[in-house]
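The chain contents come next:
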Amino acid sequence: MSQPVQRADPEDIEAELFVRALQQRHGYDFSGYAPASLKRRLQSVVQSGGYENLSALIGRVLRDDALVPQIVAGLSVPVSEMFRNPSVFAVLRQEVFPILASYPRINIWQAGCAHGEEVYSLAILLEEAGLYERSQIYATDFSDAALARAQEGIFPIKEARVYSENYQAAGGQRSLADYYHARYERIKLDDKLKRHIHFANHNLTADGVFCEAHLILCRNVLIYFNNQLQNQVLGLFRDSLVRGGFLCLGNRESLDFAPAAAAFTAIDAKARVFRLASRG
Amino acid sequence: MPRRASFGWPAVAEAPSAVVVGASAGGVHALGTLLAGMSPSICCPLIVVCHTGSEDVEMLRDVLALKSALPVQEAQERHMPRPGIAHLAPAGYHLLMEVDGCFALSVDDRVCYSRPAIDVLFESAAAVHHARLIAVVLTGANHDGAAGLKTIRRAGGLAIVQSPADAIAAAMPEAAIRIAGADHILPLAGIAPLLNSLCLP
């Protein structure tokens, strides 16, 4: 007796076709993304754009290049908060910065910077540790819209209280308000914080090594990738780090299925801070 | 060729492959009671989203572990849920079921002001487990879980909702019943025995 045949869901088929259309027509490859979250994000792009369904969006995306930045922004790294998971920033300050201090020049790469919440957090902590003048931070994202927002350094004022609490919990030495101006409903971070940040477009799924980094921050980005792409990007991080360089991932990321993780040793497993043992 | 009807598998479904549970206000107490009544020999995993607002799920895990008849663990991304284990969504992340059955996490926007959100777990689980999914909505003061429960029922899954009158906060089970409907509406004390009878091998 034959088993009931489980037929593919129309939305799964549409998602596959959409991924293929975006890749073949525009060069953005989402085929290594974990399907469950990608599907949700596609649904939200469809809803916010007022399309009848994903098939309707496929038709548009094939012919209307102007739509692409908006779609890419909808599928890119979500917004974070300043000093998110303050204990992680405390670990960076206490465990990682003292070792970075031994280098004459410090290169830091934040991969997937979204609107810049974490890159400014890092700049503030480096400033307070007296390391910022010899630091260069590369803040990258594959969404130009996100990079433009990140460069502005403007955030809603309603977030300021949480940011301040996080900053204090991370061991900040001053008041976060020293670093921003509040106006109307928004806060704007001090432009001086940007003096060693270089914002650049980089796509983790397609682009290669571009710097020799002493620290790479990539928090809650790889969770959106399937095991194979996660492993590929960990390999890219390994190849981009100096010997003994540091990697900081999101608090709940698992490396259990990534062979490339063998190159890293956890220095704080809870904070997901790793160190490159040797060049692989 | 036999084919699956659009509303799901035939009613003579195989054994359930997962139980998903959502709880909010009053959830710690309700989950404690539910897990205390579960049989450790159930044939499928239990996957739980509980809104706590705390930065860590460890306290919830430890509190529940004191009462639970099942081992209570935090769900780990990329890992497969295991039968007879209660897996908790980590704090600050949405917990999803991936198409291969493994756990996935996201930090996408809050849904119903919540992350983890019950709707996100429920909707992703429906796409994987179809009619072999059982969903439970417990006490809570918002409407998270209702939309997800509707998706689960449409995919042929079974919906169990705590009786609003029996819940510490009635809004969430009420919303679930209003928006999705339910196959069973039961007081808390009746839910574990029903799950055991549905999930024993």
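Treat the numbers as computed from the prediction; the structure is a model and nothing was measured.

A.B. asks: Would you mind going over unusual backbone geometry in detail, with residue names and values included?
C.D. replies: A cis amide bond, omega 5 degrees, links Arg115 of chain B with the succeeding residue Pro116 of chain B. Of note, Pro116 of chain B is situated in the loop between strand E6 (103-106) and helix H3 (118-129). One non-glycine residue, Tyr184 of chain A, lies in positive phi territory at about 50 degrees. In this structure, Tyr184 of chain A sits in the loop between strand E4 (180-183) and strand E5 (186-189). Residue classification places Tyr184 of chain A among the exposed residues on the basis of 6 C-beta atoms within 10 Å. Residues other than glycine seldom take positive phi values, yet Arg272 of chain A does so here, at roughly 55 degrees. In this structure, Arg272 of chain A sits in the loop between strand E9 (264-268) and strand E10 (273-276). Taking the C-beta count within 10 Å as the criterion, Arg272 of chain A has 20 such neighbours and is therefore assigned buried.

A.B. asks: Please provide a residue-by-residue account of the sheet that holds E4 of chain A, values included.
C.D. replies: All names here are of chain A. Read across the sheet, three strands follow the order E3-E5-E4 without closing on themselves; strand pairing throughout is antiparallel. Where the open sheet ends on each side, the last strands, each with one partner, are strand E3 (154-156) and E4. Adjacent strand axes in the sheet meet at a mean angle of 25 degrees, parallel and antiparallel pairs treated alike. Pairing geometry for E3 and E5, over three bridges, is antiparallel. Each bridged residue has a counterpart across the sheet, and for Phe155 the counterpart in E5 is Ile187.

A.B. asks: Requested: an account of the packing of helix H4 (residues 146-154) of chain B against helix H5 (residues 171-179) of chain B, with residues and values cited.
C.D. replies: Any two packed helices are characterised by the angle at which their axes cross and by the distance between the axes. Residue and element names in this part refer to chain B. Remark: H4 packs on H5, axes separated minimally by 8 Å, with the N-to-C direction vectors making an angle of 40 degrees. With respect to H5, the axis of H4 lies oblique. Viewed along their axes, H4 and H5 form a crossing whose handedness is right-handed. Contacts from Ala146, Ala147, Leu149 and Lys150 in H4 reach Ala175, Ala176 and Ile179 in H5. A breakdown of the residues in the contact of H4 with H5 according to their chemical character gives six nonpolar, no polar and one charged.

A.B. asks: Could you give an account of the domain arrangement of chain A, with specific residues and numbers?
C.D. replies: All names here are of chain A. Here chain A is partitioned into domain 1 (10-74) and domain 2 (86-276). A separation of 28 Å is found between the C-alpha centroids of domain 1 and domain 2. Contacts between the two partners involve eight residues from domain 1, matched on the other side by twelve residues from domain 2. Sort the elements by how many residues they give to the side of domain 1 that touches domain 2 and helix H4 (residues 68-74) lands first, with three residues. For the side of domain 1 that touches domain 2, a count of residues per class yields five nonpolar, two polar and one charged.

A.B. asks: Describe the environment of Asn251 of chain A, naming the residues involved and giving the relevant values.
C.D. replies: All names here are of chain A. Mapped onto the secondary structure, Asn251 falls in the loop between strand E8 (241-249) and E9. A residue is classified by how many C-beta atoms lie within 10 Å of it, and Asn251, with 22 of them, is buried. Each C-alpha atom, one on Asn251 and one on Ala269, is 8.9 Å from the other, the two residues being 18 residues apart in sequence. In contact with Asn251, not counting residues within four places along its chain, are Asn85, Val88 and Arg272.

A.B. asks: Residue-level account of the interface of chain B and chain A, with values.
C.D. replies: Each side of the interface is counted separately: chain B has 23 residues, and chain A has 22 residues. Secondary structure elements with two or more residues in the side of chain B that touches chain A: strand E5 (94-97), E6 and H3 of chain B. Tallying contributions element by element places E6 of chain B first for the side of chain B that touches chain A, with three residues. Among the residues making up the side of chain B that touches chain A, the classes are represented as twelve nonpolar, four polar and seven charged.

A.B. asks: Provide a residue-level description of helix H9 (residues 227-240) of chain A, including the pertinent values.
C.D. replies: End to end, H9 of chain A covers 20 Å across 14 residues, agreeing with the expected 20 Å (1.5 Å per residue, within 8%). Within H9 of chain A, burial applies to Leu229, Gln230, Val233, Leu234, Leu236, Phe237, Arg238 and Ser240 of chain A.

A.B. asks: Could you give an account of the sheet that holds E8 of chain A, naming the residues involved and the relevant values?
C.D. replies: Residues and elements named next belong to chain A. With mixed pairing, the seven strands of this open sheet are ordered in space as E6-E2-E1-E7-E8-E10-E9. The open sheet terminates on both sides in strands that have one partner only, identified here as strand E6 (197-201) and E9. Going from strand to strand, the sheet's axes swing by 25 degrees on average, the running direction of each strand aside. Of the strand pairs in this sheet, E8 and E10 are connected by three bridges, and their pairing is antiparallel. By the bridge assignment, Phe246 is partnered in E10 with Arg275. The strands touched by helix H6 (residues 117-128) within the sheet are strand E1 (106-111), strand E2 (135-141), E6 and strand E7 (213-218), with E2 carrying the most contacts at an inclination of about 175 degrees.

Conventions used here
- Residues numbered from 1 in each chain as written.
- Chains lettered and ligands numbered in written order.
- Predicted model: local features only at pLDDT ≥ 70, side-chain atom pairs only at ≥ 80, totals over all residues.
- Helix = DSSP H or I, 4+ residues; strand = E, 2+ residues; numbered from the N terminus.
- Buried ≥ 20, exposed ≤ 12 C-beta atoms within 10 Å, placed from the backbone.
- Pairing = 2+ DSSP bridges.
- Axes fitted to C-alpha atoms, helices over the stretch in contact; angles between N-to-C directions.
- Parallel < 35°, antiparallel > 145°, perpendicular 65-115°, else oblique.
- Left-handed = near helix turned anticlockwise from the far one by under 90°.
- Contact = placed C-beta atoms within 7 Å.
- Nonpolar A, V, L, I, M, F, W, Y, C, P; charged D, E, K, R; others polar.
- Domains from an automatic or database assignment.
- Expected span 1.5 Å × (residues − 1).

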